[in-house]
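Results of the structural survey
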Amino acid sequence: GQNIDQPTEMTATEGAIVQINCTYQTSGFNGLFWYQQHAGEAPTFLSYNVLDGLEEKGRFSSFLSRSKGYSYLLLKELQMKDSASYLCASVSSNDYKLSFGAGTTVTVRA
Amino acid sequence: EAQVTQNPRYLITVTGKKLTVTCSQNMNHEYMSWYRQDPGLGLRQIYYSMNVEVTDKGDVPEGYKVSRKEKRNFPLILESPSPNQTSLYFCASSSSAGAHYEQYFGPGTRLTVT
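As the structure is a prediction and not an experimental result, all values here were calculated from the model. (Residues numbered from 1 in each chain as written. Chains lettered and ligands numbered in written order. Predicted model: local features only at pLDDT ≥ 70, side-chain atom pairs only at ≥ 80, totals over all residues. Heavy atoms only, no water.)

1. Observations concerning the pattern of salt bridges
- Tallied over the entire structure, the rule returns seven salt bridges over all chains.
- The residue A:Lys76 makes a salt bridge to A:Glu56 at a minimum N-O spacing of 3.5 Å. With A:Lys76 in the loop between β7 (70-75) and β8 (84-92) and A:Glu56 in strand β5 (residues 53-57), this residue pair connects regions lying 20 residues apart in the sequence.
- Residue class for A:Lys76 comes out partly exposed when judged on its relative accessible area of 24%.
- Residue B:Glu79 pairs with B:Lys18 through a salt bridge whose shortest N-O separation is 4.0 Å. With B:Glu79 in the loop between β8 (76-78) and β9 (87-94) and B:Lys18 in the loop between β2 (10-13) and β3 (19-25), the pair connects residues that are 61 residues apart, well separated along the chain.
- On the accessibility criterion, B:Lys18 (53% relative accessible area) is exposed.
- Here the residues in one salt-bridge network are B:Lys18, B:Lys65 and B:Glu79, joined through shared partners. (Salt bridge = Lys/Arg side-chain N within 4 Å of Asp/Glu carboxyl O. Helix = DSSP H or I, 4+ residues; strand = E, 2+ residues; numbered from the N terminus. Buried < 20%, exposed > 50% of the residue type's maximum accessible area, 1.4 Å probe, protein only.)

2. Description of the sheet that holds β8(B)
Residue and element names in this part refer to chain B.
- Pairing is antiparallel in the open sheet, where four strands are placed in the order β1-β3-β8-β7. The open sheet has two edge strands, β1 (4-7) and β7 (65-66), and neither has a second partner.
- Across two bridges, the pairing between β7 and β8 is antiparallel. Considered in β8, the bridge of valine 66 is made with leucine 76. (Pairing = 2+ DSSP bridges.)

3. Side note on unusual backbone geometry
All names here are of chain B.
- Between asparagine 7 and the following residue, proline 8, the backbone shows a cis peptide bond with an omega angle of -5°.
- You can see proline 8 is positioned in the loop between β1 and β2.
- Even without a glycine there, the phi angle at glutamate 53 is positive, about 65°.
- Take glutamate 53: it is sitting in the loop between β5 (42-51) and β6 (54-57).

4. Some remarks on the interface of chain B and chain A
- Counting residues at the interface gives 22 residues for chain B, matched by 17 residues for chain A.
- The junction of chain B with chain A conceals about 1600 Å² of combined surface from both sides, 58% of it contributed by carbon and sulfur atoms.
- For the pair chain B and chain A, the interface holds one salt bridge.
- Here chain B and chain A share three residue pairs in polar contact (both at pLDDT 80 or more) between them.
- Those elements that provide at least two residues to the side of chain B that touches chain A are β4 (31-38) and β5 of chain B. (Contact = heavy atoms within 4.5 Å. Buried area = accessible area lost by both parts, 1.4 Å probe. Polar contact = N/O pair within 3.5 Å; in protein donor to acceptor, adjacent residues only side chain to side chain.)

5. Observations regarding the nonpolar core
- Ranked by internal contacts, the top residues of the largest apolar core, which has 20 residues, are A:Ile20, A:Leu32, A:Trp34, A:Leu73, A:Leu75 and A:Tyr86.
- Within the residue set of this core, elements represented by two or more residues are β2 (18-23), β3 (29-37), β6 (60-65), β7, β8 and β10 (104-109) of chain A. (Core = buried A, V, L, I, M, F, W, Y, C linked by side-chain atoms within 4.5 Å.)

6. Points about the state of the cysteines
Residues and elements named next belong to chain A.
- This model, assessed by the stated rule, comprises two disulfides over all chains.
- Disulfide pairing places cysteine 22 opposite cysteine 88 at an S-S distance of 1.9 Å. One quick way to see it: the torsion about the S-S bond of cysteine 22 and cysteine 88 is about -65°, and its sign makes the bridge left-handed. Here the residue cysteine 22 occupies a position in strand β2, and cysteine 88 occupies one in strand β8, the gap between them amounting to 66 residues.
- Classification of cysteine 22 by relative accessible area gives buried; the value is 0%.
- Of the residues examined, cysteine 88 reaches a relative accessible area of 0% and is grouped as buried. (Disulfide = S-S within 2.5 Å.)

Treat this as a map of the structure, not an account of what it does.
Have a look at this one:
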């Protein structure tokens, strides 16, 4: 695996911003995914980063620093429907396998 | 509609009784994979397949078998289930095994082995 580390839980207020950090092992790294998973449902794709920098997609942005083995997912203008688990996953350059972190459960409060 | 389907969605069985969880995708994807998800451990890969007749072990293959006779189907077989295989299982597919291809997940199968 790629030793993915992300916080277990985060809580924020509707309309606020939350940043979910993810660290990973840099050796054999070939890209990083973020997935969203609502309770009892399948994960769905949010973003993919392979180059350093920030990728913005509407209210969600994802950042990558390859040299630091660090990524974050930024959720802006939080809505109640954003309450979910957010999964960080790194891709191995050897076999393109995905290694997932345990996920960060984000709870949005009114 | 492009999708990955799994059956059954829920299954309660007893130790040692062989079972198969089916997975099918209609997107002509080459790459398919099985994961199990357990609290605090995240998604762990069981087996994957790069194409028809090509399968390989993931991180936790013990106690599982797979086959890939057709491109669209990738069944997961538990020959002799045990209680430690109680878990939530996801099948996933992507158009290729390359690094940047997102995976599409099925709805999940919740398995309980007593």
